[in-house]
Amino acid sequence: MKNKIDWSATVLEANAVAENDEMPDIELLYSNNQIKKAGKILIDPNTTEEEYLAALDILSNWRATHALPLNSIQGLLRTNARRVDGECTISQRLKRVPSIQNKLKRFPNMKLNTMQDIGGCRAVLKTVENVLELQNLLVNSKTEHQIISQDNYIIEPKESGYRGIHLIYKYCGHKKEIYRNHKIEIQIRSRIQHSWATAVEIVDTFTKNNLKTGCGDAEWSEFFKEISVLFSAIEGYFIEGCDTNEKIENYLNKTADKIENLNEKLNVINALIGYSVSTNILESDKNSKYFLLILDSNNKTIETQGYKKKEFKKASNDYIESEKKFKDNKNYNVALVSSDSIQALKIAYPNYFSDSKMFVENLELGFGGLNRKLKQF
């Protein structure tokens, strides 16, 4: 197949540094009450510009203090993930301001100072079996950090069709007095699940939908829900209530018909190809560990700025300043992520590069697998 993804080159090395190795401590400058109040201000339509910008500064400091706990827990994830899949992809990010705001709006009882996924890291592995094996390793690993919740979205997918495993850790490292309230999320996905999730985000970015949270255009939502079922069936994790071959065959036939009809209506493949962006990667970025990404969905361009490990404070400051700059322009999508190379960055975050090759490949493979499966009946 053309443009096949070279997963063998995507293992991320030394992405989570030791706590005393070039990772600067970020002093927490605000109290829990101040952080909580900032979260309320950020979603209050009556707030003033001055109040809003001050709240962003509080959020930025609170978010930046998650960097060291995130690096520590990502190291735990990386070590165990490589035991399962030597070609895994590990990445990490600090949550974007719009994502934080959307979550606070969707869950009125949630507070900024108790949000559990400000810092998040992810492992992408070959198969669902690998995903479940890694989950088991993490749950049973000897670590100073504490798992406080688990969600299995493979058995019970989200309303949107999202599938994967999520674990929430409480940081309990040797600097726990500084970071004692910090929670970090681990996401584990198969390659197919990752391609689905990032394709959803590509469509959200360019159509201004919110499919990721189960909202948005009804036809696009239905398309991705049906694709999720197809991908799950091909990976061998099948459909509740389909306990006979006849029921499975009928369900798969209906799924295939729905996907074909929606694909024709939405012109999915051409739409995804049309979302491709122009990327300008500076030579200096190639030795960086942190990357500030600024995607302009209107002009279909992405700018990258790389930072070394010891430059995290500058990266964090530039992150919030960019978010302030583009806060009123929905065409811009800003993120601060970590990866070991530009190549790995593109595979870990294809949504920012509008790269849908993985999804299209899996869609083609999915229909091929579906046809083989139907012939068994």
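Residues numbered from 1 in each chain as written. Predicted model: local features only at pLDDT ≥ 70, side-chain atom pairs only at ≥ 80, totals over all residues. Heavy atoms only, no water.

Observations concerning the overall build of the protein chain
Reasoning step 1: Helix and strand counts for the protein chain come out as twelve helices and nine strands.
Reasoning step 2: Taken across its 377 residues, the protein chain has 55% of its residues classed as buried.
Reasoning step 3: Considering only contacts within the protein chain whose residues lie at least 6 apart along the sequence, 72% involve residues at least 24 apart.
Reasoning step 4: Summed over its atoms, the accessible surface of the protein chain is roughly 17,500 Å², and 45% of this surface lies on carbon and sulfur atoms. (Helix = DSSP H or I, 4+ residues; strand = E, 2+ residues; numbered from the N terminus. Buried < 20%, exposed > 50% of the residue type's maximum accessible area, 1.4 Å probe, protein only. Contact = heavy atoms within 4.5 Å. Areas by Shrake-Rupley, 256 points an atom, 1.4 Å probe, with all protein chains shown as cover.)

Structural notes on the packing of helix 3 (residues 67–84) against helix 5 (residues 128–139)
Reasoning step 1: Close contact between helix 3 and helix 5 brings their axes to 9 Å; oriented N to C, the two are set at 130°. Considering their axes alone, helix 3 and helix 5 lie oblique with respect to each other. Our pair here, helix 3 against helix 5, has a crossing hand that is right-handed. Between helix 3, through Leu-76, Leu-77, Asn-80, Ala-81, Arg-83 and Val-84, and helix 5, the contact on the second element is made entirely by Asn-130, Glu-133, Leu-134, Leu-137 and Leu-138.
Reasoning step 2: Looking at the contact of helix 3 with helix 5 residue by residue, the classes come out as seven nonpolar, two polar and two charged. (Axes fitted to C-alpha atoms, helices over the stretch in contact; angles between N-to-C directions. Parallel < 35°, antiparallel > 145°, perpendicular 65-115°, else oblique. Left-handed = near helix turned anticlockwise from the far one by under 90°. Nonpolar A, V, L, I, M, F, W, Y, C, P; charged D, E, K, R; others polar.)

Re the side chain of Asn-61
Reasoning step 1: Looking at where Asn-61 falls in the secondary structure, it is placed in helix 2 (residues 49–64).
Reasoning step 2: Exposure remark for Asn-61: the relative accessible area of 10% places this residue in the buried category.
Reasoning step 3: A polar contact of 2.9 Å, which involves the side chain of Asn-61, links it to the backbone oxygen of Glu-27.
Reasoning step 4: Excluding residues that lie within four positions of it along the chain, Asn-61 makes contacts with Ile-26, Glu-27, Leu-28, Leu-29 and Tyr-30. (Polar contact = N/O pair within 3.5 Å; in protein donor to acceptor, adjacent residues only side chain to side chain.)

Quick look at the confidence of the model for the protein chain
Reasoning step 1: When the pLDDT values of the protein chain are averaged, the result is 85; 85% of them are 70 or greater.
Reasoning step 2: Low pLDDT (under 50) marks residues 1–20, which in the prediction has 65 contacts with non-local residues, meaning those over four places away or in another chain. (pLDDT = per-residue confidence, 0-100.)

Some remarks on the packing of aromatic side chains
Reasoning step 1: Taken as a whole and judged by the stated rule, the model has twelve aromatic pairs.
Reasoning step 2: Aromatic pair Tyr-290 and Phe-312: ring centres 5.3 Å apart, planes at 55°, arrangement tilted. Placement of the pair is Tyr-290 in strand 7 (residues 290–296) and Phe-312 in helix 10 (residues 312–325), with a sequence separation of 22 residues. Each of the two residues, Tyr-290 as well as Phe-312, counts as buried.
Reasoning step 3: Grouped by ring-pair contacts, the aromatic residues Trp-196, Trp-220, Phe-223, Phe-224, Phe-231 and Phe-359 constitute a single cluster.
Reasoning step 4: The lysine or arginine in question, Arg-63, covers the ring of Tyr-319, its NZ or CZ lying 3.8 Å from the ring centre. (Phe/Tyr/Trp six-rings, centres within 6.5 Å; stacked < 30°, edge-to-face > 60°. Lys NZ or Arg CZ within 6 Å of the ring centre and 35° of its normal.)

As for the nonpolar core
Reasoning step 1: Formed by 40 residues in total, the largest nonpolar core has its most connected members in Trp-196, Phe-223, Phe-224, Ile-227 and Phe-359.
Reasoning step 2: Among all residues touching Phe-224, those that are not within four sequence positions of it are Ser-160, Trp-196, Ala-199, Val-200, Val-203, Leu-211 and Phe-359.
Reasoning step 3: With 37 residues, the next largest nonpolar core counts Ile-26, Leu-134, Leu-138 and Ile-294 among its residues. (Core = buried A, V, L, I, M, F, W, Y, C linked by side-chain atoms within 4.5 Å.)

Quick look at the pairing of strand 9 (residues 332–338)
Reasoning step 1: With respect to burial, strand 9 is a largely interior element, six of its seven residues being buried.
Reasoning step 2: Sheet topology note: the strand 1 (residues 89–94)/strand 9 ladder contains three bridges and is antiparallel. For Arg-93, the partnering residue across the bridge sits in strand 9 and is Val-337.
Reasoning step 3: Sheet topology note: the strand 7/strand 9 ladder contains seven bridges and is antiparallel. (Pairing = 2+ DSSP bridges.)

A word on the pairing of strand 5 (residues 183–190)
Reasoning step 1: Burial of strand 5 is extensive: eight of the eight residues sit out of reach of the surface.
Reasoning step 2: Burial along strand 5 is two-sided: Lys-183, Glu-185, Gln-187 and Arg-189 facing one way and Ile-184, Ile-186, Ile-188 and Ser-190 facing the other are all buried.

As for the side chain of Ser-195
Reasoning step 1: Relative to the assigned elements, Ser-195 resides in helix 6 (residues 191–207).
Reasoning step 2: Of the polar contacts made by the side chain of Ser-195, one reaches the backbone oxygen of Ile-192; its length is 2.7 Å.
Reasoning step 3: Contacts of Ser-195, omitting those with residues within four sequence positions, involve Phe-231, Met-358, Phe-359 and Asn-362.

Remarks on the packing of helix 6 against helix 7 (residues 218–235)
Reasoning step 1: Where helix 6 contacts helix 7, the axes come no closer than 10 Å and their chain directions differ by 170°. Here helix 7 runs roughly antiparallel to helix 6, going by the angle between their axes. Contact residues: Ile-192, Gln-193, Ser-195, Trp-196, Ala-199, Val-200 and Val-203 in helix 6; Trp-220, Phe-224, Ile-227, Ser-228, Phe-231 and Glu-235 in helix 7.
Reasoning step 2: Partitioning the contact of helix 6 with helix 7 into residue classes produces nine nonpolar, three polar and one charged.

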